[in-house]
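Report on the structure
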Amino acid sequence: MPLNAKEEKTFRSDVSEMLEITYGVSLKDATASQLNKAISSVIMLKLAKKATGFKKEAQSQNRKRVYYLSLEFLLGRMLRNNLYNLGMEKEAEELIRECGFTPDEVYREETDPGLGNGGLGRLAACYMDGLTSCNYIATGYSIRYEYGIFRQKIVNGWQLELPDLWLEDGSVWLAPREDETIRVRFGGQISERFTSSGLVVNHYGYEEVLAVPYDMFISGHGTEAVNVLRLWTARAEDEIDMALFARGEYAKALEHKSNVEAISKVLYPADDHVEGKILRIRQQYLLVSATLQQILRDHYLAYGAFDNLPDVAAIHINDTHPAMCIPEMLRLLMDEYGLGWDEAFSVTSRTLAYTNHTVMSEALERWPVEIFKTQLPRIYGIICEINRRLLLDLEEKGVNDPGKVEYMSICSRYEVRMANLCLASVHMVNGVSELHSRILREQVFRDYYSYRPEIFTNVTNGIAHRRWLCEANPDLTALLKDLIGDGFVHDAEALSELRRFENDKSVLDELLRIKRNNKARLAEHLRRTSGVILDENMLFDVQVKRLHEYKRQLLNALHILSLYAYLKENPGAPFEPRTFLFGAKASAAYHTAKRIIKLICAISDMIAADPDIRDKLKVVFVENYSVSAAEVIIPAADVSEQISVAGKEASGTGNMKLMINGALTVGTLDGANIEIMERAGRDNIFIFGLTAEQVNALWAAGYNPISYYSASPYLKKAVDMLNSGIAGEHFADIAGSLIYGGNGVADPYMCLADFDLYHACQEKVSETWKDREKWARMSLHNIAGAGFFAADRAVKEYADRIWNVKPVLLP
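First things first, this report covers the structure right here in the doc. Please read these numbers as outputs of a predicted model, since none were measured by experiment. (Residues numbered from 1 in each chain as written. Predicted model: local features only at pLDDT ≥ 70, side-chain atom pairs only at ≥ 80, totals over all residues. Heavy atoms only, no water.)

Observations regarding the overall build of the protein
The number of helices and strands found in the protein is 35 helices and 23 strands. Here the C-alpha radius of gyration of the protein, 27 Å, is about what a compact globule of 811 residues would show, namely 28 Å. Based on the C-alpha atoms only, the size of the protein along its principal axes is roughly 90 × 70 × 65 Å. Counting only residues that meet the buried cut, the protein has 60% of its 811 residues in that class. Across the protein, the fraction of contacts at a sequence separation of at least 24, relative to all contacts at a separation of at least 6, is 76%. For the protein, the accessible area works out to roughly 31,600 Å², and carbon and sulfur atoms hold 50% of it. For the protein, the separation between the mean place of its 92 positive charges and that of its 110 negative charges on side chains is 1 Å. (Helix = DSSP H or I, 4+ residues; strand = E, 2+ residues; numbered from the N terminus. Rg over C-alpha atoms; globule rule 2.2 N^0.38 Å. Buried < 20%, exposed > 50% of the residue type's maximum accessible area, 1.4 Å probe, protein only. Contact = heavy atoms within 4.5 Å. Areas by Shrake-Rupley, 256 points an atom, 1.4 Å probe, with all protein chains shown as cover. Lys, Arg positive; Asp, Glu negative; His and termini not counted. Charge placed at Lys NZ, Arg CZ, Asp CG, Glu CD.)

Some details on unusual backbone geometry
Most peptide bonds are trans, and most residues other than glycine sit at a negative phi. Of note in this structure, Ala-727 is not a glycine but carries a positive phi near 50°. Residue position: Ala-727 is located in the loop between helix 31 (713-724) and helix 32 (732-739). Phi is positive for Met-750, close to 55°, though the residue is something other than glycine. Within the element layout of this structure, Met-750 appears in the loop between helix 32 and helix 33 (751-769). Classification of Met-750 as buried rests on a relative accessible area of 0%.

Points about the sheet that holds strand 20 (residues 617-622)
Taken together, 6 strands build an open sheet; the order of strands is 20-19-18-21-22-23 and the sheet is parallel. On the outer flanks of this sheet lie strand 20 and strand 23 (686-687), each paired with one strand and no other. By the bridge criterion, 6 bridges tie strand 18 (residues 539-544) to strand 19 (residues 578-583) in an arrangement that is parallel. Bridge pairing in strand 19 links Val-544 to Gly-583. The sheet strands contacting helix 23 (residues 505-530) are strand 18, strand 19 and strand 20, and the helix crosses strand 18 at an angle near 65°. (Pairing = 2+ DSSP bridges. Axes fitted to C-alpha atoms, helices over the stretch in contact; angles between N-to-C directions.)

Here we look at a nonpolar patch on the surface
Taken together, the side chains of Ile-240, Met-242, Phe-245, Tyr-250 and Leu-254 present a nonpolar region at the surface, about 470 Å² in accessible area. Here Ile-240 is to be found in the loop between strand 10 (226-235) and helix 8 (242-246). For Ile-240, a relative accessible area of 31% gives the class partly exposed. (Patch = residues over 30% accessible without salt bridge, like charges linked within 9 Å, V, L, I, M, F, W, Y side chains within 5 Å. Salt bridge = Lys/Arg side-chain N within 4 Å of Asp/Glu carboxyl O.)

Description of the pairing of strand 7 (residues 189-195)
Both strand 7 and strand 8 (residues 198-204) contribute to a ladder of 7 bridges, which runs antiparallel. Residue pairing across strands places Glu-192 opposite Val-201, the latter belonging to strand 8. Remark: 2 residues form the turn of the hairpin made by strand 7 and strand 8, two consecutive strands paired antiparallel.

Some thoughts on the nonpolar core
Of all hydrophobic cores here, the largest spans 218 residues; its most connected members are Val-15, Leu-35, Ile-43, Met-216 and Phe-372. The dominant element in this core, judged by the number of residues it contributes, is helix 11 (residues 274-303), at 10 residues. Each residue touching Ile-43, except ones within four places of it in the same chain, is listed here: Phe-11, Leu-79, Asn-82, Leu-83, Leu-86, Met-88 and Trp-173. Membership of the second largest hydrophobic core comes to 71 residues, among which are Phe-582, Leu-664, Cys-761 and Trp-775. (Core = buried A, V, L, I, M, F, W, Y, C linked by side-chain atoms within 4.5 Å.)

Overview of the pattern of salt bridges
Summed over all chains, the structure comprises 64 salt bridges. With a shortest N-O distance of 3.1 Å, Glu-207 and Arg-282 are connected by a salt bridge. In this pair, Glu-207 is assigned in strand 9 (residues 207-219) and Arg-282 in helix 11, connecting sequence segments 75 residues apart. For Glu-207, a relative accessible area of 23% gives the class partly exposed. Look at Arg-282 and you get buried, because its relative accessible area is 9%.

Some words on the sheet that holds strand 15 (residues 415-417)
Within the open sheet, the 3 strands sit side by side as 13-15-14. Their pairing is antiparallel. Since the sheet does not close on itself, it has two edges, and those belong to strand 13 (366-368) and strand 14 (411-412), each with one partner. The sheet contact formed by strand 13 and strand 15 spans 3 bridges and is antiparallel. The residue bridging Trp-367 from the neighbouring strand is Val-416, located in strand 15.

What about the packing of aromatic side chains?
In the structure shown here, the tally under the stated rule is 21 aromatic pairs. Ring centres 5.3 Å apart and planes at 85° place the aromatic pair Trp-699 and Tyr-703 in the edge-to-face group. Joined through ring pairs, the aromatic side chains of Tyr-68, Phe-73, Tyr-127, Tyr-798 and Trp-803 make up one cluster. The aromatic ring of Tyr-214 is capped on one face by Arg-144, whose charged end is 4.2 Å from the ring centroid. Lys-519 extends its terminal NZ or CZ atom over the ring of Phe-540, reaching a point 4.7 Å from the ring centre. (Phe/Tyr/Trp six-rings, centres within 6.5 Å; stacked < 30°, edge-to-face > 60°. Lys NZ or Arg CZ within 6 Å of the ring centre and 35° of its normal.)

Points about the packing of helix 33 against helix 34 (residues 772-784)
Packed helix pairs are characterised by how far apart their axes lie and by the angle those axes make with each other. For the pair helix 33 and helix 34, the least separation of the axes is 7 Å and the interaxial angle reads 110°. Viewed along their axes, helix 33 and helix 34 adopt a mutual orientation that is roughly perpendicular. Taking contact as the criterion, the partners of Val-765, Thr-768 and Trp-769 in helix 33 are, on helix 34, Arg-772, Lys-774, Trp-775 and Met-778. Here the residues of the contact of helix 33 with helix 34 sort into 4 nonpolar, 1 polar and 2 charged. (Parallel < 35°, antiparallel > 145°, perpendicular 65-115°, else oblique. Nonpolar A, V, L, I, M, F, W, Y, C, P; charged D, E, K, R; others polar.)

Things to note about the pairing of strand 12 (residues 352-355)
Where burial is concerned, the two faces of strand 12 agree: the one with Leu-352 and Tyr-354 and the one with Ala-353 and Thr-355 are both buried. With 4 bridges joining them, strand 11 (residues 313-318) and strand 12 adopt parallel strand pairing. Residue His-316 lies in a different strand from strand 12, and its bridge partner there is Ala-353. The pairing of strand 12 with strand 16 (residues 428-431) spans 3 bridges and is classified as parallel. From the neighbouring strand, Ala-353 faces strand 16, where its bridge partner is Met-428.

With respect to the side chain of Ser-651
Structurally, the position occupied by Ser-651 is in the loop between strand 21 (639-642) and helix 27 (654-660). Engagement of the side chain of Ser-651 in a polar contact is seen with the backbone oxygen of Val-432, the distance being 3.1 Å. Once residues within four sequence positions are removed from consideration, Ser-651 is found in contact with Val-432, Ser-433, Asn-461, Met-656, Gly-671 and Ala-672. (Polar contact = N/O pair within 3.5 Å; in protein donor to acceptor, adjacent residues only side chain to side chain.)

Side note on the packing of helix 2 (residues 32-60) against helix 3 (residues 79-86)
The geometry of helix 2 relative to helix 3 is characterised by a closest axis approach of 10 Å and an angle of 50° between their N-to-C directions. When the interaxial angle is binned, helix 2 and helix 3 end up oblique. The way helix 2 lies across helix 3 gives a crossing that is left-handed. Contact residues: Asn-36, Ile-39, Ser-40, Ile-43, Lys-46, Leu-47 and Lys-50 in helix 2; Leu-79, Asn-82, Leu-83 and Leu-86 in helix 3. Residues of the contact of helix 2 with helix 3, tallied by class, amount to 6 nonpolar, 3 polar and 2 charged. (Left-handed = near helix turned anticlockwise from the far one by under 90°.)

Regarding the side chain of Glu-89
With respect to the helices, strands and loops of the structure, Glu-89 is situated in helix 4 (residues 89-98). In this structure Glu-89 comes out as buried when scored by relative accessible area, which is 17%. Within the structure, Glu-89 has its side chain in polar contact with the side chain of Arg-80 (distance 3.0 Å). Once you skip the residues sitting within four places of it in the chain, Glu-89 turns out to touch Arg-80, Leu-83, Tyr-84 and Tyr-107.

So, helix 14 (residues 341-351)
All of the buried residues in helix 14 are Trp-341, Ala-344, Val-347, Thr-348, Ser-349 and Thr-351. Of the surrounding secondary structure, the elements contacted by the buried residues of helix 14 are helix 12 (309-312), strand 11, helix 13 (325-336), strand 12, helix 16 (377-396) and helix 18 (418-425).

Section: the environment of Val-489
Note on placement: Val-489 falls in the loop between helix 22 (474-484) and helix 23. Residue Val-489 is classed as buried on the basis of its relative accessible area, which comes to 5%. Sequence separation between Val-489 and Leu-469 is 20 residues; the distance between their C-alpha atoms is 9.2 Å. Setting aside anything within four residues of it in sequence, one finds Val-489 in contact with Tyr-84, His-221, His-465, Arg-466, Cys-470 and Lys-481.

Read these as layout, nothing more, since geometry by itself doesn't imply function.
Laid out in structure tokens, this is it:
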């Protein structure tokens, strides 16, 4: 609700007072940065007060609480989102203008929190938004990464990783809670002895690390509910070894502190070496141990027992990174609180649930035993016991095929398998799209599905539709409110009412006008931030997502090369001008992904230097892609590239954000693309490529990429350009990996097999683009069909089918 006159006056006074206390300046003298931080501080205090009230109300109603653990929470800028949710955006922006700034000038002073990388983190952020907006009491848990994943800098086409110094501006949203610091143990040795009271475990010789919590407050839209995202940071108890320092060994005196604090320095440290694997294990264990120690401590203080824990707490494991929740919870219940194995395992299993986000085998985490048991000896021992009991149960149930037993084992072949740990232990497992969940049941986890079919379910992903539509695209939101009312703000399914305007030319024209304005806004943003000049009359073809081979940015690049070759050979041919926009970060240790970025940049340079082509084609790689960049790019997109090889993309959420903003999807039948097609209508999406079943059949028959290369003139020209050189750079390594395989399987994600189908689909896109009215009608159907993909719907499904929680009743 908007502020009343008294509240508006109080808000203005609070901001003015904050400026005077913090910076010694008045409203009229404040800089944009000072104004941003002062308003943020005022909002932060307001949220903290609301969070306390919401917690008390939830307790008075005996509401079961959700604890959501994720290594990522990609929140985006906080100020505008909180102002919007609290109904204070209008008043705050009026105050900003009175101070001589535009709202965007002040909002831009905030740096995106460096707490995530891609879809996993953005999904977690969307779910916290949805949980809060729907009045569920929930706490998120992650790590306060000092330098994020990295700040991407492109130099001569090559990705460089620089520290993301987000805390310089982002600390205003963090409330330190040093009073709730937790001690976490690593390494050491374990001794066990049996007594009349049972097994007694002694952990000695360990290293102790302090986990210090910082709280962020998550607002919900149009509600008094405010939840907490708790972020742990690693700290050494002793800042310095004074004895070493006194001897002049200054670096050694600080070595322990540096090693400890490295745990929370960077998200996803490179793990292509032993030290990186150790750091990741320590990072994940810090998160789960500190979180569970706090949860169980608070529960025991309240109830004095744990038999009711599954009735009052739902702890969720978001992907395998927090999977050590399982053995850590067992450790705490047995070693610290004296429960026996059977009771502890029952409580643990009934409290924990797990979301799988990938079918990629390398992403189903597996840790080398020697590293794991050295860092976490007690946790490793508990996992071995879970595995022993699992194998006994499989034998009792008649599962005696050695291959099947080995595949289901948690500890095997000198590794600890975190996905199998979850599958053997939790009470519910879900995939994140209908196709993904089916692949889990029928292929990836088929043996576990046969063993425990009752634990498998699906919850298709959802997005924070208010942020990605109402905030990111205000002009479209205003049109929707004029046409169908504002019901969609709280119930996204109400967007379906837009379908009745599919033949209203004035509405279609307005959709085109809004899209053009959003493209102009993006063009201005890129001109200001990178000097790139865009022509908003061109079709904007967008692929923004984490850089990975299975997402097939390379297929997109090959298609652009084929268009370039065609235009060079046919300079007078009719052609619909197109701008290709990419945004992606490649993992620091992922060389192939970084080479693909280099290729895209080289193509961009080649086209920009060619006067015959640059007015017809343009390629832009957006540096340091982030939530804030996405909020400008996505509303401007005409085409949404969702072109992963079928069967590899679990769901996607970028496809949903682009859909709700009216972009037309070019996609394979993969992930949530299938459900997008069902809800937008088959005629309002561009589908191409092999199905997941056809991909599997082609591998089984013996996939031969060179046959596709030889048979396709367009493809051959594109691949040959990789060999001959682009903008002075040769990409024979990429060509070789596609045709011959290099050090691995040739073309593992079937770019060549799908190329001609993709090329034909893109010709259909260009042909459709000529008829702007038809394009606008297709866009309208995408917007109208996007309501299902709201995070509000998804969290309600989790609440009803997995967590068994109910919302808090608020006035």
